[in-house]
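Overview (structure and organization)
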Amino acid sequence: MSNSVIIINGPNLNMLGNREPEVYGNETLEDVEKKCLAWAKELGLEIKFRQSNSEGEIVGWIQKSSSSFAVIIINAGAYTHTSIAIHDALKCCGLPVLEVHLSNVFQRESFRHVSYISNLAKGVICGFGSQGYEFALRAAAKLL
Ligand code: DHK
């Protein structure tokens, strides 16, 4: 548990590979998961890699996370910009939170410049594609 990290992906990230490849790249979410498993192995971390299109399911995973994980890495997709429920769950869970986005949200529409997660997060990584997950896992390993 002390080396366990949950990686939570939000809505539409299951569409990676097909979805706006000029923004999100050509890799599928399964490709990203495989890379995360390899990075985690190298860093001596255990990971659970999750995706949901449902805000409630994500809130449920966050609520249960403190009993099994030491760090949360989250790309909440569009819920980043809208979800007070995810914000509240992250605030309550007491674990360090690392926020990741594949794209550089600050180069995009202004509604993506607002995050309900950043003010709770230990750090925010955006604009590096799937490598952002590597940076977050390296940050998690340092924290543990
Ligand atoms: C993913 C999404 O689905 C968007 O809604 C966010 C984020 C950005 C990403 O870059 O990974 O605005």
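The sections below set out a description of the structure shown in this document.

The rules behind the values
Residues numbered from 1 in each chain as written. Predicted model: local features only at pLDDT ≥ 70, side-chain atom pairs only at ≥ 80, totals over all residues. Heavy atoms only, no water. Core = buried A, V, L, I, M, F, W, Y, C linked by side-chain atoms within 4.5 Å. Buried < 20%, exposed > 50% of the residue type's maximum accessible area, 1.4 Å probe, protein only. Helix = DSSP H or I, 4+ residues; strand = E, 2+ residues; numbered from the N terminus. Near = heavy atom within 4 Å. Polar contact = N/O pair within 3.5 Å; in protein donor to acceptor, adjacent residues only side chain to side chain. Areas by Shrake-Rupley, 256 points an atom, 1.4 Å probe, with all protein chains shown as cover. Nonpolar A, V, L, I, M, F, W, Y, C, P; charged D, E, K, R; others polar. Contact = heavy atoms within 4.5 Å.

1. A short note on the nonpolar core
Core analysis: the largest hydrophobic core is formed by 24 residues, its most contacted members being Val5, Ile7, Cys36, Ile73, Tyr133 and Leu137. Secondary-structure elements contributing two or more residues to this core are β1 (4–9), α2 (29–43), β2 (46–51), β3 (71–75), β4 (97–101) and α5 (131–143). A total of 5 residues in this core trace back to one element, the largest contributor, which is α2.

2. Section: the site of the ligand
The environment of the ligand is formed by 13 residues, the closest being Asn75, His81, Leu102, Ser103 and Arg112. A distance of 3.0 Å separates an oxygen atom of the ligand from a polar atom in the backbone of alanine 78. Serine 103 places a polar side-chain atom, nitrogen or oxygen, 2.6 Å from an oxygen atom of the ligand. Within the complex, the protein chains bury 99% of what would otherwise be the 310 Å² of accessible surface of the ligand. Of the residues that constitute the shell around the ligand, the class distribution is 5 nonpolar, 5 polar and 3 charged.

3. Examining the environment of alanine 85
Among the secondary structure elements, alanine 85 is positioned in helix α4 (residues 84–93). Assessed through its relative accessible area of 37%, alanine 85 is described here as partly exposed. Measuring from C-alpha to C-alpha, the distance between alanine 85 and glutamate 57 comes to 11 Å, with 28 residues separating the pair along the chain. When near neighbours in sequence (up to four residues on either side) are disregarded, alanine 85 contacts Glu55 and Val59.

4. A short note on unusual backbone geometry
In this structure, asparagine 12 takes a positive phi of about 75 degrees despite not being glycine. Residue placement: asparagine 12 occurs in the loop between β1 and α1 (21–24). For glutamate 20, which is not glycine, the phi torsion reads 30 degrees and is therefore positive. Locating glutamate 20 in the fold gives a position in the loop between β1 and α1. Under the relative-accessibility criterion, glutamate 20 is labelled partly exposed at 36%.

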